[in-house]
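Descriptive analysis of the structure
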Amino acid sequence: METTLPIAPKNRQVTAIIFLLLSWEVGSATLKYSVLEEKESGFLVANLEKDLGIENGELTARGTQILSKGNKQYLQLEQKSGDLLLKEKLDREELCGDTDPCLLHFQVLLKNPVQFIQGELQLQDVNDHAPEFLENEILLKISESSHTGTSFPLKIAQDLDVGNNTVQNYVISTNSYFHLLTRIHKDGRKYPELVLDKALDREEKPELRLTLMALDGGSPPRTGTSQVLVMVLDINDNAPEFGQELYKVQVSENSPVGFLLTTVSAKDLDAGIHGELSYSFFQSSNQVLQAFEINSATGEIRLKKPLDFEEIEFYHMEIEATDGGGLSGKCTVDIEILDVNDNAPELTMSMLISDIPENSSETVVAIFGISDPDSGDNGKMICSIEDRLPFFLKPTVENFYSLVTDGGLDRESKAEYNISIIVTDLGTPRLKTEHNINVRISDVNDNAPTFTQASYTLFVRENNSPALHIGTISATDRDAGTNALITYSLLPPRDPQLALASLVSINADNGQLFALRALDYEALRAFEFRVGATDRGSPALSSEAPVRVLVLDANDNAPFVLYPLQNASAPCTELVPRAAEAGYLVSKVVAVDGDAGQNAWLSYQLLKTTEPGLFSVWAHNGEVRTARLLGERDAPRHRLLVQVRDNGEPPLSASVTLHVLLVDGFSQPYLPLPEVAPERAQADSLTVYLVIALASVSSLFLFSVLVLVGVRLCRRGRAASLGRCSVPEGHFPGHLVDVSGTGTLSQNYQYEVCLTGGSGTTSEFKFVKPIVPNLLPQNTGKEIGENPSFRNSLGF
């Protein structure tokens, strides 16, 4: 018996008002004791006070307890004397079987303060079992043709003891034909083997009867005997041979009795009785013979009793096939037992405290241990409680846990907790054990008002009536009496520019919010403030919540036309060449709406025109285009009335007037439609050269005529003066760009036209260079300067 345990240092002890809060530490050393098996109950194992080096009576004062795995207790503690005693007589073979050494683990729990000390008790074997042969008579058939020196293994004796107390030697009765050798298996077991010293003669002596004795290593040794009957057989020159020397089998521990594990098969080339085979276990242990059976005729190995992985994980056996002539062959069968999750975890409660005051932090409520006899994942366990509970599990030593409060508890939130400790293994299917404990919480006044929402969002439609109820802010207090009465107030806004007092007010008793004046979406779309809730306790506790008020838009703004301008001193006229094709972009009406959402969705409609069917307006982007080819009979001047309507309820609208002038006889840049341009781009190159030559000659002729006319006009001393008109000076957009993506023109043009009346008057117009958006990607959002213009006088 030995112990190597240093004195564990004492940690700090924390004393609370109502009860003692626990602290703990875990010893790093292990108490080690040994005792012979079969000692009577009450046998003295050791004195814990002496081994732990503590004062007399300290074990009792600290509430010392001995814990063992599961619910089986093998040791008991005498509190007054500190003696560690056996609780009952212990049988090593029953507790550990063939396992050597036989160790029983236990823990010493000192509760105040909490301290765990690991311990182990080693059961030493005594020679209380004699060797025993499973058969009183061993039949051995040996051919008379066997040569001297041939060995014949015999069946072994079983001894439940271990170490030196198990079988150590075999002896055979004196005879002139055999001597006996004691061999050792790979697993350490010793077995007898007969060696032939003298050739057998069946005609001289057909059989021999010998006495086999097994001796163990005890003092004095115990013995067991069995008779060996040697039958001398006629010559049989072919021994059975198995198809394979080793059979490996895996079987689940829950396989039913009679389950077929495997079938061994051997062949014998002899004929007649020498070729008839019989299968049997050879030199198998008692566990094998109890768990399995073999069909002597077919070689089928089946389960004889239910298997238990927790008891035995692996079986090794040898199968012998014997023919009618006495010759035999052997093979090995290894059976691996697969663990099945057939054991639910076990939970053993060591300490439990039922009453805890609220606001107690890190308080030990319970100490318990868990165990599972399964192996692998089936024996791995997860210990948990519900996540929503203010408790957590703290591991201490191996498979021991403490249930500890997670911060302060709140009695008003919950005065009593029913905690389910769930222990689940990782097997398939998973098994679990659930243990319920009840913990009561005593009251302390510690709750501030709590809002029903973390933040509030209120919606108010603009143009509301004053004193309109826009929403209610609500808070609750889990305290009782005056501590639960709540007063609401508006807190000073964080934005000093926000005149909160002129916008909303709150009812101090019920939290109702009222709008003090009409709100305007276009002026104030949203504002935020905070509401405070204060209880009437002493001292008073309070909380606050943010409130966001969103003003909903109403359709109170009609569309506003940006282009063309309607307040100009003179209307601006759009020029359209008579050679324009259908779909020619005349102009684009640009409008905006101060509202939002669908109230700002605009659509365009042509209400009135001088000549119906000549022009059309695209409903989504306001583009005015020619609806057909222009003819000579079409009037030169046209007035178009376009209506812009929003999508509100009810809808609002605005109208704009466009003046269009059809012109011909001036150089108008040709703007091909997108669908026509690719075809013209594919014109024959020879045709292009002819057109260029013709244009050059025509230009030269026209230039000569213009020079002649200019000289003659100069001589007249400018008899007639040119009429002029001014372009409106107000803001006018530099360019109109189709942003809707639905237009058909790749370039946009702007024309400014001014006309003067009277006979013999001249017209003045200015061309502006085309604005190509894709050539100016960096300036799409900036104002583009007006391009240089030129004037040309024409007579209509």
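The present account deals with the structure reproduced in this document. Owing to the predicted nature of the structure, the values given are computational and were not obtained by experimental measurement.

Here we take up the overall build of the protein chain. Helix and strand counts for the protein chain come out as six helices and 57 strands. By the burial criterion, 40% of the 796 residues in the protein chain qualify as buried. Counting contacts in the protein chain only where the partners sit at least 6 residues apart, residues at least 24 apart contribute 67% of the total.

A few words on a nonpolar patch on the surface. Judged by side-chain polarity, Phe701, Val705, Val709 and Leu713 come together as a nonpolar surface patch covering roughly 370 Å² of accessible area. Take Val709: it is sitting in helix H6 (residues 685-715). A residue is classified by how much of its surface remains accessible, and Val709, at 41% relative accessible area, is partly exposed.

Cis geometry is found at the peptide bond from Asn112 to Pro113, where omega equals -5°. The phi dihedral of Asn399 is positive, around 60°, even though this residue is not glycine. Looking at the element boundaries, Asn399 is found in the loop between strand E33 (391-395) and strand E34 (400-405). Owing to a relative accessible area of 32%, Asn399 belongs among the partly exposed residues under this scheme. Not every positive phi belongs to a glycine, and Ala467 is a case in point at roughly 65°. In this fold, Ala467 is placed in the loop between strand E38 (456-461) and strand E39 (468-472).

With that out of the way, let us pick up the sheet that holds strand E25 (residues 292-294). Strand order across the open sheet formed by three strands is E22-E26-E25, with antiparallel pairing between neighbours. The open sheet has two free edges, formed respectively by strand E22 (260-263) and E25, since each of these has just one partner strand. Taking the axes of each pair of neighbouring strands and ignoring which way they run, one obtains an average angle of 20° across the sheet. Relative to strand E26 (residues 300-303), E22 is paired through three bridges, and the arrangement is antiparallel.

In the case of a regular strand, side chains alternate between the two sheet surfaces. In this structure, E38 lies alongside strand E45 (residues 542-552), joined through six bridges in parallel fashion. Bridging from a neighbouring strand, Tyr456 pairs with Val547 of E45. Taking the residues between adjacent antiparallel strands as the criterion, strand E44 (residues 526-535) and E45 are bridged by six residues.

Next up on the list: the sheet that holds E34. With antiparallel pairing, the four strands of this open sheet are ordered in space as E29-E31-E34-E33. One side of each edge strand has no neighbouring strand; the edge strands of this open sheet are strand E29 (346-352) and E33. This sheet shows a mean twist of 25° between the axes of neighbouring strands, independent of strand direction. Examined bridge by bridge, strand E31 (residues 364-371) and E34 share five bridges and lie antiparallel to one another. In the strand pairing of E34, Phe368 is matched with Tyr401.

Looking now at the pattern of salt bridges. Pairing between side chains of opposite charge can happen when the charged atoms of each approach one another. Tallied over the full model, the rule gives 17 salt bridges. The residue Arg578 makes a salt bridge to Asp664 at a minimum N-O spacing of 3.8 Å. Linking Arg578 in the loop between strand E47 (573-577) and strand E48 (585-588) with Asp664 in the loop between strand E54 (653-663) and helix H5 (677-681), this pair joins segments that are 86 residues apart in sequence. Take Asp664: its relative accessible area is 43%, and that puts it in the partly exposed class. Salt bridges here are not isolated pairs; linked through shared partners, they connect Glu611, Arg628 and Asp634.

Glancing now at the state of the cysteines. Counted according to the given criterion, the structure contains one disulfide. The disulfide bridge from Cys96 ends at Cys102, spanning 1.8 Å between sulfur atoms. Where Cys96 bonds to Cys102 through sulfur, the torsion about that S-S bond is close to 60°, and the disulfide is right-handed. Owing to a relative accessible area of 1%, Cys102 belongs among the buried residues under this scheme.

In this structure, Asp374 sits in the loop between E31 and strand E32 (381-384). In terms of polar contacts, Asp374 uses its side chain to reach the side chain of Asn343, at 2.8 Å. Not counting residues up to four positions away in its chain, the partners in contact with Asp374 are Glu253, Glu310, Asp339, Val340, Asn341, Asp342, Asn343 and Gly379.

Its location among the elements puts Ile421 in strand E35 (residues 416-425). Overall, Ile421 belongs to the buried group, its relative accessible area being 0%. Along the sequence, Ile421 and His435 sit 14 residues apart, while their C-alpha atoms lie 5.1 Å from each other. In this structure, Ile421 is in contact with Leu347, Met349, Phe368, Cys383, Ser384, Ile385, Thr433, Glu434, His435 and Ile437, ignoring residues within four places of it in sequence.

To continue, consider the pairing of E54. Burial runs high along E54: eight of the 11 residues are buried. In the sheet, strand E53 (residues 637-646) pairs with E54 via nine bridges, with the strands oriented antiparallel. Pairing of His638 across the sheet is with Val660, part of E54. The loop that links E53 with its antiparallel partner E54 comprises six residues.

In this section: the side chain of Asp553. The topology assignment puts Asp553 in the loop between E45 and strand E46 (560-563). No salt bridge is formed by the buried Asp553; its nearest oppositely charged neighbour, Arg461, is found at 7.0 Å. Among the polar contacts listed, one links the side chain of Asp553 to the side chain of Asn599, at a separation of 3.1 Å. The residues contacting Asp553, other than those within four sequence positions of it, are Arg461, Glu462, Tyr521, Glu522, Asp595, Ala596 and Asn599.

How each quantity is defined
- Residues numbered from 1 in each chain as written.
- Predicted model: local features only at pLDDT ≥ 70, side-chain atom pairs only at ≥ 80, totals over all residues.
- Heavy atoms only, no water.
- Helix = DSSP H or I, 4+ residues; strand = E, 2+ residues; numbered from the N terminus.
- Buried < 20%, exposed > 50% of the residue type's maximum accessible area, 1.4 Å probe, protein only.
- Contact = heavy atoms within 4.5 Å.
- Patch = residues over 30% accessible without salt bridge, like charges linked within 9 Å, V, L, I, M, F, W, Y side chains within 5 Å.
- Areas by Shrake-Rupley, 256 points an atom, 1.4 Å probe, with all protein chains shown as cover.
- Salt bridge = Lys/Arg side-chain N within 4 Å of Asp/Glu carboxyl O.
- Pairing = 2+ DSSP bridges.
- Axes fitted to C-alpha atoms, helices over the stretch in contact; angles between N-to-C directions.
- Disulfide = S-S within 2.5 Å.
- Polar contact = N/O pair within 3.5 Å; in protein donor to acceptor, adjacent residues only side chain to side chain.
- Lys, Arg positive; Asp, Glu negative; His and termini not counted.

Structural measurements only, silent on function.
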